[in-house]
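Observations on the three-dimensional arrangement
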Amino acid sequence: MKTVEELYQEMASAFAEETGAQVSVNGDLAVRLYAVAAQLYTLYVQGEWVVRQCFPQTAEGEYLDRHAQLRGLERKQAERAEGTVRFSAGSAAGSDLTIPEGTVCMTAGQVRFETTQAGVLEAGETSVDIPARAVEPGLAGNVAAGAIVTMAVPPVGIAQCLNPEGFSGGADQEGDEELRARVLESFRRLPNGANAAYYEQEAMSFPEVAAVQVLPRSRGVGTVDVVVATPGGVPDEDLLEELEEYFQARREIAVDVGVLAPETVTVPVTAKVRCAPGQDAQTVIQRVKDRLQTWFSGELLGQDVLLARLNSLIFETDGVANCALTAPAADVAVERDQLPVLGTLTVEEWTEA
């Protein structure tokens, strides 16, 4: 693309050829030509931007969304992580204690969670578990067990809170590159209402679905199994039933379509990390745990767990100077209808010289 100076020089040269006079650098005509050159440059920039938005390979933002709509796709929105918070009293409650819906709890890093329903700590009990979800959608809500440590405003009689298990299901809004990959894939593998690409595209149109594997003839000729996973891992029965009804209404004639949850493959992970100078060991270890727990999501459906990838995730975590992975001992092979899930996670400081 031509610069403002190049456009000005072209106009000045054309003026000299037509009139035989040179444009004075400090003259009024030079100022006018520079103004015109700037406007022409703006048109060049605008034209180049328009060309980029015309094609899914280079379109951005809402214009990429429009390309996706032409392919029957939509950008996946951010999802909030869900889990359970345990509220405890200092001792057995003498009377029923109410924990209101919307009670806000937080991690040490100020990630906030709120209860999704009211709960009651009954007299004589010391704790009660209440469903909760992250206040803000995104991956930040996928926290490890025990990460929630405080309450914004403690309910009367409640002394502490914690999450006995990790929160999962949180996801950031789909970025341009992820959406672009899906749009381009829809061109490379054209769905025709009968092939695997069709079932994959239709299943992925559900916002709760993070990954899908299509298994043709898995139960014999004329059968198709659609295996789906959510960001949090295994889908619930409600989603499976919804997808089952959806495909039954759209399946080919004489084809038996089944929608299944994946079989889980538990992968225990044990690692040692050497912290960079000036880094707090416990903080770094927690970062590593959070990153591994986030990585083990439903998007791993049908994907092998490679030692190289696990080492890379740990080593690239902020504050890690070196790492050693002791479990798993080898790559974990996964079938297409299987989902690797994180088992026991142990991360320790590497103190040997």
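Before reading further, recall that the structure is shown in the block above.
Before going into details, it helps to say that this report is about the structure given with it. (Residues numbered from 1 in each chain as written. Predicted model: local features only at pLDDT ≥ 70, side-chain atom pairs only at ≥ 80, totals over all residues. Heavy atoms only, no water.)

1. So, the overall build of the chain
- Broken down by element type, the chain carries 8 helices and 14 strands.
- On C-alpha atoms alone, the chain measures out to a radius of gyration of 29 Å, which is more than a quarter above the 20 Å that the 2.2 N^0.38 rule sets for 353 residues.
- Along the three orthogonal principal directions, the C-alpha set of the chain runs to about 100 × 65 × 50 Å.
- Looking at the chain as a whole, 38% of its 353 residues are labelled buried.
- Partitioning the contacts of the chain with sequence separation of at least 6, the portion at a separation of at least 24 is 68%.
- Carbon and sulfur atoms make up 51% of the accessible area of the chain, which totals about 19200 Å².
- Each charge class in the chain was averaged separately, 26 positive and 53 negative side chains, and the resulting centres sit 4 Å apart. (Helix = DSSP H or I, 4+ residues; strand = E, 2+ residues; numbered from the N terminus. Rg over C-alpha atoms; globule rule 2.2 N^0.38 Å. Buried < 20%, exposed > 50% of the residue type's maximum accessible area, 1.4 Å probe, protein only. Contact = heavy atoms within 4.5 Å. Areas by Shrake-Rupley, 256 points an atom, 1.4 Å probe, with all protein chains shown as cover. Lys, Arg positive; Asp, Glu negative; His and termini not counted. Charge placed at Lys NZ, Arg CZ, Asp CG, Glu CD.)

2. Thoughts on a negative patch on the surface
- Taken together, the side chains of Glu208, Asp236, Glu237, Asp238, Glu241, Glu242 and Glu245 present a region of like negative charge at the surface.
- Following the sequence through the fold, Glu242 ends up in helix α6 (residues 237–248).
- Residue Glu242 is classed as partly exposed on the basis of its relative accessible area, which comes to 38%. (Patch = residues over 30% accessible without salt bridge, like charges linked within 9 Å, V, L, I, M, F, W, Y side chains within 5 Å. Salt bridge = Lys/Arg side-chain N within 4 Å of Asp/Glu carboxyl O.)

3. What about the packing of helix α3 (residues 61–70) against helix α4 (residues 176–188)?
- Running from N to C, α3 and α4 point in directions that differ by 20°, and their axes come no closer than 10 Å. As judged from the angle between their axes, α3 and α4 are roughly parallel. Note that α3 runs across α4; the crossing there is left-handed. Taken together, the residues of α4 that come into contact with α3 (itself represented by Gly61, Leu64, Asp65 and Ala68) are Asp176, Leu179, Arg180 and Val183.
- Here the contact of α3 with α4 is built from residues that sort into 4 nonpolar, 1 polar and 3 charged. (Axes fitted to C-alpha atoms, helices over the stretch in contact; angles between N-to-C directions. Parallel < 35°, antiparallel > 145°, perpendicular 65-115°, else oblique. Left-handed = near helix turned anticlockwise from the far one by under 90°. Nonpolar A, V, L, I, M, F, W, Y, C, P; charged D, E, K, R; others polar.)

4. What about the nonpolar core?
- Ranked by size, the top nonpolar core spans 31 residues in total, and within it Leu292, Phe296 and Ile314 carry the most contacts.
- Elements supplying a minimum of two residues to this core: β9 (211–216), β10 (223–229), β12 (263–275), α7 (281–295), α8 (307–315), β13 (320–327) and β14 (338–349).
- Residues within four places of Leu292 in sequence aside, it is in contact with Val269, Leu310, Leu313, Ile314, Leu342 and Leu345.
- Ala93, Leu97, Leu121 and Val128 belong to the second-largest nonpolar core, a separate cluster that totals 21 residues. (Core = buried A, V, L, I, M, F, W, Y, C linked by side-chain atoms within 4.5 Å.)

5. Quick word on the sheet that holds strand β1 (residues 82–88)
- One open sheet accounts for 6 strands, arranged β7-β3-β4-β6-β1-β8; its pairing is antiparallel. With one partner strand each, in any of the chains shown, β7 (148–151) and β8 (160–162) form the two edges of the open sheet. Along the sheet, successive strands turn relative to each other by an average axial angle of 40°, direction set aside.
- Bridge analysis of β1 against β8 gives 3 bridges, and the strand direction is antiparallel. Note that in β8 the partner of Arg86 across the bridge is Leu162. (Pairing = 2+ DSSP bridges.)

6. Quick look at the sheet that holds β14
- The 3 strands are arranged β13-β12-β14 in an open sheet whose pairing can be described as mixed. Across the chains shown, the open sheet's two edge strands, defined by having one partner strand only, are β13 and β14. Each adjacent strand pair in this sheet contributes to an overall mean axis angle of 30°, direction not counted.
- Strand direction decides the pairing type here: β12 and β13, joined by 6 bridges, are antiparallel. When the bridges of β13 are listed, Cys275 appears paired with Val320.
- Running at roughly 175° to β14, α7 makes contact with β12, β13 and β14 of the sheet.
- Running at roughly 145° to β13, α8 makes contact with β12 and β13 of the sheet.

Take it as geometry only, folks, not as evidence of what the structure does.
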